[in-house]
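Per-entry structural report
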Amino acid sequence: YSISVYISATGLHSLSGSAQQALDQLGSGLQITAFMPDLLVQRAELEQLLAPYLAHRSAPELAYVDPLKNPDQAEALGAQASGELHLRWGERTEVLSQVTREQLDLALNRLALRGERWIVSLTGHGEHEIDQGPAGLADFADRAQQLGYQMIALDPRRIDRLPDNTAMLLIAAPSQAYDERVADLVRTYLTAGGRVLWLGRGTDPSSDSALTIADFGLRQLDGVIVDADAARFGLDSPANAIATLDASDVLPRGIQQPAALYRARAFDVALSNEWSEVARFSSGTQSWNETSDLTGRLRRDPGESELAGPLPVAIALQAATLQDPGRLVYVGSPYLLSNAHIGRLGNRQWAFGLLRWLTENTALRSESRPTHQLRWSPLLGSGLAVLTMVLLPLGYLVAGVWLRTQRRRG
């Protein structure tokens, strides 16, 4: 019977929260196969790395296959190179060529994902494309793929309904109006329990569109939100709404920074009985909806219907149905997921937090792992230096003199 106690302020060698949730969701049956020669040092290093995972109550099993002594077995199991780590759970398999704690956590997240894995982005109406341009969605798509999702673009005018394995529908700031057929496609998907992330347009919406935010009880305000707090976070343009991210019902805990929504537009909320509000995200107290051109010295003009913040910039809604309710997140900025803006402040964590809530994949988390780096204050560093270089040597000297004196007397 063995007892292991691990005490640490940072949890460097313990399971991360995402790995803990993923293993809890997977339960028993996880098999880890390491394709590694029979080298004691390398295997000991791997077992030390895997120790927190193997100690989980789900009891993952670790097995070794020597690709040099058993090449046929390694080939039959799909090994491509020595040093690979295969994680198998049921019919799902994840292959790691570089074994690190971060890669292990991501692989476990992918294995634990519930439901289908397609993110369908509508195209053909001026939406942002999945490309490398400043307004493109390539960075978001790459990160989503690492987490086990597959992001594709579909023209709704060429399909009768969305694929059955659609985990989330993305409406990425269309500049052209949707006709009634496309609107019915989206409404049918939501009625059947679908999940939609809708990025609003930074310009005036098309009045002739058959699908508008008014269908969900939202009314867009005039102008673009400007925020004096943008300069405090190092953003040059005042047209960045600094949005608070404290909605614990939707987002995971631990997001340290707010979001920066470029050219966001605020809206009024008057929901019908069909939808209920789950969370609302607002700009800061130093923001307002500027209706004039963003040039010169900006100042709020109440006579031009410019309202002082906080102003709603995003909202999470859920259909008021008993079984399989649809979910909708509307964001007033078209640039939340764009390559040029997803890396600002807490945008990336927010985006994948919304993805986590929409697809109900509780194992999907965005967190940073602790490192070996120690951060000491100057006072603590000076104290430790005095202790190790002055006090401890003096203590050893005094103790040595005292012991020698005692021995001579004895």
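Residues numbered from 1 in each chain as written. Predicted model: local features only at pLDDT ≥ 70, side-chain atom pairs only at ≥ 80, totals over all residues. Heavy atoms only, no water.

A tally of regular secondary structure across the protein chain gives nine helices and 17 strands. With respect to the principal axes defined by its C-alpha atoms, the protein chain has extents near 100 × 60 × 40 Å. Here the protein chain holds 410 residues, and the buried ones make up 45% of them. In the protein chain, 71% of the contacts between residues at least 6 apart in sequence involve partners at least 24 apart. Counting only carbon and sulfur atoms, one obtains 50% of the accessible surface of the protein chain, whose full area is about 22000 Å². Each charge sign in the protein chain was given a centre, from 37 positive and 45 negative side chains, and these centres are 11 Å apart. (Helix = DSSP H or I, 4+ residues; strand = E, 2+ residues; numbered from the N terminus. Buried < 20%, exposed > 50% of the residue type's maximum accessible area, 1.4 Å probe, protein only. Contact = heavy atoms within 4.5 Å. Areas by Shrake-Rupley, 256 points an atom, 1.4 Å probe, with all protein chains shown as cover. Lys, Arg positive; Asp, Glu negative; His and termini not counted. Charge placed at Lys NZ, Arg CZ, Asp CG, Glu CD.)

Our focus in this paragraph is the nonpolar core. Counting residues in each nonpolar core, the largest one holds 46 residues, and the members touching the most others are Leu197, Leu261, Val331, Leu337, Trp350 and Leu354. Not counting the four nearest positions on each side in its chain, Leu197 is found in contact with Met168, Leu169, Leu170, Ile171, Val329, Val331, Leu337, Leu354 and Leu358. (Core = buried A, V, L, I, M, F, W, Y, C linked by side-chain atoms within 4.5 Å.)

Below, the discussion takes up the sheet that holds strand E14 (residues 275–282). Through backbone hydrogen bonds, the strands of a sheet pair up, either in parallel or in antiparallel fashion. Ordered by their spatial adjacency, seven strands build an open sheet running E6-E5-E7-E8-E17-E16-E14, and the pairing between neighbours is mixed. Edge positions in the sheet fall to strand E6 (150–154) and E14, since each has one partner strand and no second. Averaged over all pairs of adjacent strands, the angle between strand axes in this sheet comes to 20°, irrespective of strand direction. Direction of pairing for strand E7 (residues 166–172) relative to strand E8 (residues 195–199): parallel, over a ladder of four bridges. Paired with Ile171 across the two strands is Trp198, which belongs to E8. Against the sheet, helix H6 (residues 180–191) touches strand E5 (118–122), E7, E8, E14 and strand E17 (327–331), its axis set at about 140° to E7. (Pairing = 2+ DSSP bridges. Axes fitted to C-alpha atoms, helices over the stretch in contact; angles between N-to-C directions.)

Now for the pattern of salt bridges. Applying the stated rule across the entire model yields 15 salt bridges. When the shortest N-O distance is used, the salt bridge between Arg181 and Asp160 registers 3.3 Å. Here the residue Arg181 occupies a position in helix H6, and Asp160 occupies one in the loop between E6 and E7, the gap between them amounting to 21 residues. Residue class for Asp160 comes out exposed when judged on its relative accessible area of 73%. (Salt bridge = Lys/Arg side-chain N within 4 Å of Asp/Glu carboxyl O.)

Judged by side-chain polarity, Val386, Leu387, Met389, Val390, Leu391, Leu392, Leu394, Tyr396, Leu397 and Val401 come together as a nonpolar surface patch covering roughly 970 Å² of accessible area. Mapped onto the secondary structure, Leu387 falls in helix H9 (residues 378–409). (Patch = residues over 30% accessible without salt bridge, like charges linked within 9 Å, V, L, I, M, F, W, Y side chains within 5 Å.)

Turning our eyes to something else, we now look at the side chain of Arg327. Along the chain, Arg327 falls in strand E17. At 2.9 Å, the side chain of Arg327 and the side chain of Gln318 are in polar contact. The residues touching Arg327, leaving out its near neighbours within four places in the chain, are Leu190, Gly194, Arg195, Val196, Leu317, Gln318, Trp357, Leu358 and Glu360. (Polar contact = N/O pair within 3.5 Å; in protein donor to acceptor, adjacent residues only side chain to side chain.)

Another point: the packing of aromatic side chains. If you walk through the whole model with that rule in mind, you get seven aromatic pairs. Taken together, a centroid distance of 5.8 Å and an interplanar angle of 90° make the contact between Trp198 and Tyr330 edge-to-face. Taken together, the residues span a long stretch of sequence, with Trp198 in strand E8 and Tyr330 in strand E17 at a distance of 132 residues. Here Phe216 and Trp275 contribute two aromatic rings whose centre-to-centre distance is 5.5 Å and whose plane-to-plane angle is 75°, an arrangement assigned as edge-to-face. (Phe/Tyr/Trp six-rings, centres within 6.5 Å; stacked < 30°, edge-to-face > 60°.)

To continue, consider the packing of helix H1 (residues 17–26) against helix H4 (residues 101–112). Packing of H1 against H4 brings their axes to within 9 Å, and their N-to-C directions diverge by 35°. Classified by chirality, the crossing of H4 by H1 is left-handed. Contact with H1, carried on its side by Ser18, Ala19, Ala22, Leu23, Gln25 and Leu26, involves Asp105, Leu108, Asn109, Leu111 and Ala112 of H4 and no other residues of that element. Residue composition of the contact of H1 with H4, by class: seven nonpolar, three polar and one charged. (Left-handed = near helix turned anticlockwise from the far one by under 90°. Nonpolar A, V, L, I, M, F, W, Y, C, P; charged D, E, K, R; others polar.)

Looking at the element boundaries, Arg195 is found in strand E8. Non-local contacts of Arg195, meaning those with residues more than four positions away in its chain, are made with Ala167, Met168, Leu169, Tyr189, Asp324, Pro325, Gly326, Arg327, Trp357, Leu358 and Glu360. There is a polar contact of 3.0 Å between the side chain of Arg195 and the backbone oxygen of Gly193. A distance of 3.0 Å separates polar atoms of two side chains, one belonging to Arg195 and the other to Glu360.

Spanning 12 residues, H6 covers 16 Å between terminal C-alpha atoms, matching the ideal 16 Å at 1.5 Å per step. All of the buried residues in H6 are Val182, Ala183, Leu185, Val186, Tyr189 and Leu190. Projected down its long axis, H6 shows its buried positions confined to an angular sector of 155°, all on one face. Turned more than 90 degrees away from the buried face of H6 sit Thr188 and Thr191, all of them exposed. Along its buried surface, H6 packs onto E5, E7, E8, E14 and E17. Of the residues flanking the start of H6, the one acting as N-cap is Asp179, its side-chain oxygen 3.2 Å from the backbone nitrogen of Arg181. Remark: Gly193 follows H6 within two positions and exhibits a positive phi of approximately 95°. (Expected span 1.5 Å × (residues − 1). Arc of directions from axis to C-beta.)

Ordered in space as E2-E1-E3-E4, the four strands form an open sheet in which the pairing is mixed. Here the strands that pair on one side only, and so sit at the sheet edges, are strand E2 (61–65) and strand E4 (92–96). In this sheet, adjacent strand axes meet at a mean angle of 20° when their direction is disregarded. Here strand E3 (residues 85–89) runs beside E4; their pairing, made up of five bridges, is antiparallel. When the bridges of E4 are listed, Leu85 appears paired with Leu96. On the sheet, helix H2 (residues 40–54) packs against strand E1 (31–35), E2 and E3 and is oriented at approximately 160° with respect to E2.

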